[in-house]
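Per-entry structural report
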Amino acid sequence: MSTPTFPPLMQGVAVSGGEAPFDRARAMAAMGCDGGTVVHNVQADRLRAALVFAPEVVLAEAMAMLPLCGVGFQNALGALAPPEVAVHLTWEGGIRVNGALCGQLQVAADTSDPALVPDWLVVGLDLVLLQTTEDPGETPDRTALYEEGCADVPAEQLLESWARHVMTWINRWESDGNGPLHAEWMGLVPGVGEAVTRAGISGTFLGVDERFGMLIRDDATTHLVPLTDVLEDEA
């Protein structure tokens, strides 16, 4: 496997074996590593990576990096995969390819207080390339990238493309705010108008507010579940 190359302001750190890039990135971020560090572990059946951010805005605003990384992934795969391959992004970070769950984005920060500026924020990517179960038919709602017409997409190239598209979207977000990202992401989020349960609230998924919080309408009112609800436990 070749060594991935990343755009300026990003630097790669490879890990191997069973080590999770998301865990390593959180540890490195807590020790003060530079924003733009991309920790990655590319194996035959799985692509895992994590990107460290050094936010300059409060956590409620910095959480935009989760949908931003999702849109970056969709753009990256869209540039490499056959045109008939459809990618959707669930509100909580799931990656669906042709309707089935194929991967997951996750996010962590050194604080869960939406009004504080985090010292660091990490977004992780975990993508299944090949199913390793003996009977994939037992999990029809789950798939693998190479089973969806993407066998010719090299994992390292996809990782590099993801990083480039994320950087492009960061630049756009810094100049134009949440508006363009919001519009792009909402076009990829399934389930709007359908029943949902989140944070103990059940109702109809109406969409998201300007900070990507989930809007749920029940019989009486509209509830807001902030995107910080999906944060992993603090390291």
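What you see is a predicted model; the values in this text were computed from it and never measured.

A short note on the side chain of T143
Inspection of the secondary structure assignment puts T143 in the loop between strand 7 (121-128) and helix 4 (155-176). Looking at T143, the relative accessible area reads 6%, which means it is buried. When neighbours within four sequence positions are excluded, T143 is seen to be in contact with V97, A100, L101, C102, V128, Q131 and E148.

Some words on the UniProt feature "domain: DUF4444" (unreviewed entry) in the chain
Under the present numbering, the feature "domain: DUF4444" (unreviewed entry) in UniProt falls on residues 192-233. For residues 192-233, the helix share is 0%, the strand share is 48%, and the end-to-end C-alpha distance is 27 Å.

A short note on the nonpolar core
Of all hydrophobic cores here, the largest spans 64 residues; its most connected members are M65, F73, L121, V123, L145, L158 and W162. Looking at this core element by element, the count peaks at 10 residues for helix 4. Among the nonpolar cores identified, the runner-up in size contains 11 residues, and A25, A50, A108 and W120 belong to it.

With respect to the domain arrangement of the chain
The domains assigned to the chain are domain 1 (11-187) and domain 2 (194-227). A C-alpha centroid distance of 24 Å is found between domain 1 and domain 2. The interface is formed by 13 residues belonging to domain 1 together with 12 residues belonging to domain 2. The junction of domain 1 with domain 2 conceals about 1100 Å² of combined surface from both sides, 72% of it contributed by carbon and sulfur atoms. The interface formed by domain 1 and domain 2 holds one salt bridge in total. Here E61 ties to R211 by a salt bridge, and the two come within 2.8 Å at their closest N and O atoms. Counting across the domain 1 and domain 2 interface gives four residue pairs in polar contact (both at pLDDT 80 or more). For the side of domain 1 that touches domain 2, the elements supplying multiple residues, two or more each, are helix 2 (59-62), helix 3 (65-80) and helix 5 (178-186). Looking at which element gives the most residues to the side of domain 1 that touches domain 2, the answer is helix 5, with five residues. In the side of domain 1 that touches domain 2, the residues fall into nine nonpolar, two polar and two charged.

So, how was this worked out
- Residues numbered from 1 in each chain as written.
- Predicted model: local features only at pLDDT ≥ 70, side-chain atom pairs only at ≥ 80, totals over all residues.
- Heavy atoms only, no water.
- Helix = DSSP H or I, 4+ residues; strand = E, 2+ residues; numbered from the N terminus.
- Buried < 20%, exposed > 50% of the residue type's maximum accessible area, 1.4 Å probe, protein only.
- Contact = heavy atoms within 4.5 Å.
- UniProt positions renumbered as here; feature names shortened; annotations may be inferred.
- Core = buried A, V, L, I, M, F, W, Y, C linked by side-chain atoms within 4.5 Å.
- Domains from an automatic or database assignment.
- Buried area = accessible area lost by both parts, 1.4 Å probe.
- Salt bridge = Lys/Arg side-chain N within 4 Å of Asp/Glu carboxyl O.
- Polar contact = N/O pair within 3.5 Å; in protein donor to acceptor, adjacent residues only side chain to side chain.
- Nonpolar A, V, L, I, M, F, W, Y, C, P; charged D, E, K, R; others polar.

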